[in-house]
Amino acid sequence: MRISFPASSTSSSERSRAITIFVDGQPVIAYEGETVAAVLLAETRRTFRRTPGRNEPRGLFCGIGVCYDCLVTVNGQANVRACQTPVVEGMRVTTEETQRQWRQPASSARAERGGQADLYVEAAVVGAGPAGLEAAIAAAGASVRVALLDSASQLGGQYFKGPDWQPVPQQDAEAAALFARVRDIPTLQHFVKTQVWGAFPEGDGWLLTLDGPSAPFRIHTQTLILATGAYDRPIAFPGWTLPGVMTAGAAQTLLKSQNILPGKRVVVAGAGPLHWVVAAQLVRAGAEVVAVLEAVPRARFLHPKHIPALWRQWQRLREGWEAWRALRRADVTMRFGWGVLRAHGHEQVEAVTITPLDEQWTPQPGRAETVPADTVVIGYGFLPANQLTRLLGCEHEYSPRRGGWIPRRDAWMQTSLPGLFAVGDGAGVGGAALARIEGALAGLYAAHLLGRLSKEDLHRAETSLRRRLRREQRFATMLGDLFTPGPGLYTLADETTIICRCEEVRLGDIQRARAAGAETLNEIKGLTRAGMGNCQGRICGDLMAHALVSGDVATQEQQLRNLGMLSVRPPIHPLTVETLAEAAEDM
Ligand SMILES: Cc1cc2nc3c(=O)[nH]c(=O)nc-3n(C[C@H](O)[C@H](O)[C@H](O)COP(=O)(O)OP(=O)(O)OC[C@H]3O[C@@H](n4cnc5c(N)ncnc54)[C@H](O)[C@@H]3O)c2cc1C
Ligand code: FES
């Protein structure tokens, strides 16, 4: 459903030009800037495709282009991500197809892209969220030739996200200032709608392979800063693949970027703070929030040890307070130490069973309740998008409080590979403020390595950054202590629950592979295909690992380290053969 605004609302909430598209042959009114997913949901169509294995319905899940669940057919092209594809006049969308083969009508992608093959720069920055923006600005500000790349249609990443029909969220002066800097610095080139699908060592530097309408095919760079962000941590429970179950990030993206309500009667479950913010945004937008469930018991929030980390976090405290007040005013049921047990429904969510959790977040189904709802929003924190650091062979460590596997870094955010930096949530979940500081430090140090910034200037610039860095690290540590999932959260799935959404692999299949002797995630992948699908394990990798461990928290952490990471191969996102061929041409 589209959110309707009062007549006095600002231009940021007004819709753009109305156009007509065709959904399953029927004309539908859409608005420029909306995604296919938003239009389908506005039309109350929740099933976007059916799975090849069991013909099960699937709809929007991650909402930010990670999971490949929202595939539809657009103008005859199969396997198009509805959440990433803007509508255009006359577009023909087909839903409920079994998306199996990758098919693309003959076209000349090279002609569309203007034919530029190679670009040579001194620093390439992948990701234009808070971390990447600051990194690019810091390096280019020291006269380094920089290319800033992002697959999204706009600068800003997940944090500086506004309506898709407005290039700069007008209400956000900070974002506007950063975007203006990116446009004004002459040595800084930026490319949006540009997917980096491969990264390789090349001489003393790096080679990136790209897919995007205005980007070169390849970038050759002396230093590389990866600022690829994070995505919602998936949690598997019976019914989690039903249309209507989605991540907090998906719900928020619909609200903030598309002005679309994800559902009418919504249960929001997770471990703060994002799902609280999203619940309040849902209420303000007019949804009925049936309940907000917080896995952490109330008493743990009030522990005095958290107070030092809250010092000078006034804006965040105010946001939290305002969210709480909005929920109280709307008389929303809020339960601490509770979570989702199961979603029910045939073609989509119709009801949800909620349950108290013990200290380890294990469900206590004796007191479970079932409530009618059409939407379940889950927000249990984030996982770092670390595919490129893994692909390039950086050393990683397992850090559950920062989201799992993260690259090892020095004080300047340099990974174990000289000249390769990793910053922001993709290098360990810590929030936008920390991401910005890390980005600035990496950009400055890259400029120093390239001989554009003297040691003295580098140290002058770092002083105030280091102070803020420590403050934000303290805050990130507190969030990690409070909200890192307890092991019980991973016991919700039963033997028949899908773990790998792309390849329809169930928990029972994974357990049988383990019993047959598989010891690492890669061996499980080889035996079951879990992790081999379109999202390349982004959704199922962490779930598979947690499904295979047992014992107390410390024992589980050691077992998770032993299971290792799924290996990553290029392309890190599905591509057409045509694009692969283009990248290889002239090499
Ligand atoms: C869905 C979601 C909602 C959030 N909502 C809030 C909120 O309401 N409040 C809050 O305080 N924090 C929120 N956060 C957290 C906050 O947005 C992050 O902490 C912050 O944005 C981190 O900044 P970053 O630069 O590290 O990553 P991001 O802002 O995530 O930026 C990473 C960028 O990298 C790009 N990218 C990744 N891989 C590639 C590739 N291979 N090729 C090209 N581009 C690539 C992505 O498109 C993205 O734009 C949210 C996070 C997510 C994921
Ligand atoms: S969920 Fe995508 S590969 Fe498993």
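An account of the accompanying structure is given in this report. (Residues numbered from 1 in each chain as written. Chains lettered and ligands numbered in written order. Predicted model: local features only at pLDDT ≥ 70, side-chain atom pairs only at ≥ 80, totals over all residues. Heavy atoms only, no water.)

### Regarding the overall build of the chain
Helices and strands together make up the secondary structure of the chain, namely 17 helices and 29 strands. For the chain, whose C-alpha radius of gyration is 23 Å, the value lies close to the compact-globule estimate of 25 Å for 587 residues. In terms of principal-axis extent, the alpha carbons of the chain reach across some 65 × 65 × 60 Å. Buried positions account for 58% of the 587 residues belonging to the chain. Of the roughly 23600 Å² of accessible surface on the chain, a fraction of 51% belongs to carbon and sulfur atoms. A distance of 4 Å separates the average location of the 62 positive side-chain charges in the chain from that of its 58 negative side-chain charges. (Helix = DSSP H or I, 4+ residues; strand = E, 2+ residues; numbered from the N terminus. Rg over C-alpha atoms; globule rule 2.2 N^0.38 Å. Buried < 20%, exposed > 50% of the residue type's maximum accessible area, 1.4 Å probe, protein only. Areas by Shrake-Rupley, 256 points an atom, 1.4 Å probe, with all protein chains shown as cover. Lys, Arg positive; Asp, Glu negative; His and termini not counted. Charge placed at Lys NZ, Arg CZ, Asp CG, Glu CD.)

### Things to note about the environment of Pro297
Here Pro297 shows up in the loop between β18 (288–294) and α7 (298–301). Taking C-alpha positions, Pro297 is 8.7 Å from Arg335, a pair spaced 38 residues apart along the chain. The residues contacting Pro297, other than those within four sequence positions of it, are Phe336, Gly337 and Glu359. (Contact = heavy atoms within 4.5 Å.)

### Regarding the nonpolar core
If you look at the biggest cluster of nonpolar residues, it comprises 69 residues, and the most contacted ones within it are Phe237, Trp240, Val267, Tyr380, Ile499 and Met544. Core analysis: the second largest hydrophobic core is formed by 50 residues, Val266, Val268, Ala287 and Val292 among them. (Core = buried A, V, L, I, M, F, W, Y, C linked by side-chain atoms within 4.5 Å.)

### What to know about the site of ligand 1
Taken together, 29 residues form the shell around ligand 1, and within it Ala131, Asp150, Gln158, Gln252 and Asp425 come nearest. Measuring from an oxygen atom of ligand 1, one finds a backbone N or O atom of Pro130 at 3.2 Å. Here an oxygen atom of ligand 1 and a side-chain polar atom of Gln252 are 2.5 Å apart. Its residues assigned to classes, the shell around ligand 1 shows 13 nonpolar, 13 polar and 3 charged. A domain-level breakdown of the shell around ligand 1 finds at least three residues from each of domain 2 (111–231 + 387–453) and domain 3 (249–380). (Near = heavy atom within 4 Å. Polar contact = N/O pair within 3.5 Å; in protein donor to acceptor, adjacent residues only side chain to side chain. Nonpolar A, V, L, I, M, F, W, Y, C, P; charged D, E, K, R; others polar. Domains from an automatic or database assignment.)

### Observations regarding the side chain of His573
With respect to the helices and strands, His573 occurs in the loop between α16 (553–563) and α17 (577–584). In this structure His573 comes out as buried when scored by relative accessible area, which is 10%. Side chain to side chain, His573 and Gln195 meet in a polar contact 3.3 Å long. For His573, the contacting residues outside a window of four places in its chain are Gly65, Tyr68, Arg81, Gln195, Gln536 and Arg538.

### Thoughts on the packing of helix α11 (residues 432–449) against helix α12 (residues 455–483)
Between α11 and α12, the shortest axis-to-axis distance is 9 Å and the interhelical angle comes to 155°. One element, α11, and the other, α12, form an angle in the roughly antiparallel class. Judged by the twist between their axes, the crossing of α11 over α12 is left-handed. Counting all contacts with α11, which are made through Ala433, Leu434, Ile437, Glu438, Ala440, Leu441, Leu444, Tyr445 and His448, the residues of α12 involved are Lys455, Leu458, Ala461, Glu462, Leu465, Arg466, Arg468, Leu469, Glu472, Gln473 and Ala476. (Axes fitted to C-alpha atoms, helices over the stretch in contact; angles between N-to-C directions. Parallel < 35°, antiparallel > 145°, perpendicular 65-115°, else oblique. Left-handed = near helix turned anticlockwise from the far one by under 90°.)

All quantities given are derived from atomic positions and should not be read as evidence of function.
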